[in-house]
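Survey of secondary and tertiary structure
For reference, the chains in residue letters:
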Amino acid sequence: MKVKAAIVLVLVLLIGAQLYFGHRDRERSRADAAANDARAAAMAEQARQSGPAVSTAADIVRIAVAAAKGEPVVLERTGDGWAIASYRGAPADAGRVDRLLTDVIRAAGTPQPVVTTPDETGTPPDSPVTGLEGGGGIGLAFTTKHNATTSLTIGLRPTGTYDQVYGRVGEGATAILPADLRGDIGLWHNHPDELPSQEFWLDTTALHFDPADAVRVEVTYPDHVLAFLRGEDGDWRPDGYVPSDEWDRDGLTEWLRELSDYTVLDLADADVPPVTDEVKAHRIAVTLADGTVKTATALRLNKTSDCLTETSDRPGLAFRLADWRFRKYFHPIGRIFPKAAPAFRVEDIRFVDIR
């Protein structure tokens, strides 16, 4: 009998404890929700009073990014594209800028308040100012076409999370922002407070065309010209000098496809002289069906360095071209004429054995 009474007592205690802790958790959840709603309302009111809201990416015409380490970056809208104003006005990578604009709209439009209530163990969460004070924050300022500027401070990730970061819109309360913001401005885990170089934003496609629109292509070397012409039947044929009577049409098609996205490394040093007809440079000219001529000129500054290049798509700018890309773009003979006599460059010779 005593055993049954003890069992009943234990069950009653367990049920009572469950009811008590369940009620406590529900009350805590209601309090947290009320606190979050109050913070969200306060942040919304502050954002409303701060000026015109940024509703779409098209509203933003200028973005400035600064940090304690690394060169500040300034991006400015130019017509239907973006330029890196802090990098000699070079064209910016549209994909990178679009991702950043999406992040900015999300962060400015719906900041999520920070919950500071201790967890079940009684341990408070990370300080909501982590990465914002003491020089650890990344500053972002975006200007709209209405000339209104809003600041955005990006901090570090809360411990153990990967999908959010601490941040602040204007002078508002600390909030949770999309974590994509850090990666999309080039902040890496091993350098959380250092901006990447300006080249991170560069559009490295310095020449572009649709291979289907090409009707003639020629490569001018210091001592000869290699050219191909597309006939009315749509078939390509050599136009002038050929190193061999047998050639590979698939090799020509593949070369044109690679050439249609002419990729460079970065901007050349400002004091590098421009490419001119007086120097022995290589030149590619692609004529399109509408009469447009796309050109790329390249030369090697010395025997071991990358090359200097200029293109018709980026007038006034000189870029560095990787040596392996120079050989791929400007020396297609081996892939188009596989049976041609092997060719090599004098500067590539390292040893000659005469017996």
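Each remark here, short or long, concerns the structure printed above.
The structure reproduced in this document is the subject of the present report. (Residues numbered from 1 in each chain as written. Predicted model: local features only at pLDDT ≥ 70, side-chain atom pairs only at ≥ 80, totals over all residues. Heavy atoms only, no water.)

**Quick notes on the pairing of strand β7 (residues 149–154)**
Pairing of strand β6 (residues 138–144) with β7 involves 6 bridges; the strand directions are antiparallel. Within β7, the position partnered with Phe142 by the bridge is Thr150. (Pairing = 2+ DSSP bridges. Helix = DSSP H or I, 4+ residues; strand = E, 2+ residues; numbered from the N terminus.)

**As for the packing of aromatic side chains**
Scanning all chains against the criterion turns up 6 aromatic pairs. An aromatic cluster of three or more residues is present, and its members are Tyr262, Phe326, Tyr329 and Phe330. Just above the ring of Phe200 sits the side chain of Arg96; from NZ or CZ to the centre is 3.9 Å. (Phe/Tyr/Trp six-rings, centres within 6.5 Å; stacked < 30°, edge-to-face > 60°. Lys NZ or Arg CZ within 6 Å of the ring centre and 35° of its normal.)

**Thoughts on the sheet that holds strand β11 (residues 214–220)**
Within a sheet, neighbouring strands are paired by backbone hydrogen bonds and run either parallel or antiparallel to one another. Read from one edge to the other, the open sheet built from 8 strands follows the order β13-β12-β11-β16-β17-β18-β19-β15, with strand pairing classed as antiparallel. With partners counted over all chains shown, the strands left at the sheet margins are β13 (236–238) and β15 (266–267), one partner each. Taken together, the 6 bridges between β11 and strand β16 (residues 282–288) define a ladder with antiparallel strand orientation. Residue pairing across strands places Val217 opposite Val286, the latter belonging to β16. Contacts from helix α5 (residues 323–330) reach β11, β16, β17 (293–300), β18 (307–311) and β19 (319–321), with the element oriented near 130° to β17. (Contact = heavy atoms within 4.5 Å. Axes fitted to C-alpha atoms, helices over the stretch in contact; angles between N-to-C directions.)

**Some thoughts on the side chain of Asp266**
By the secondary structure assignment, Asp266 is in strand β15. By relative accessible area, which is 11% here, Asp266 ends up buried. (Buried < 20%, exposed > 50% of the residue type's maximum accessible area, 1.4 Å probe, protein only.)

**Here we look at helix α4 (residues 249–259)**
Within α4 the residues assigned to the buried category are Gly251, Leu252, Trp255, Leu256, Glu258 and Leu259. Seen from one end, α4 has its buried residues packed into an arc of 160°, which puts them on one side. The N-cap of α4, judged by a side-chain oxygen 2.9 Å from the amide nitrogen of Asp250 a few residues on, is Asp248. (Arc of directions from axis to C-beta. Polar contact = N/O pair within 3.5 Å; in protein donor to acceptor, adjacent residues only side chain to side chain.)

**Brief notes about α5**
Taken together, the buried positions of α5 are Asp323, Arg325, Phe326, Tyr329 and Phe330. Looking down the long axis of α5, one finds its buried residues gathered within 155° of arc, a one-sided arrangement.

These figures come from the coordinates and say nothing about function on their own.
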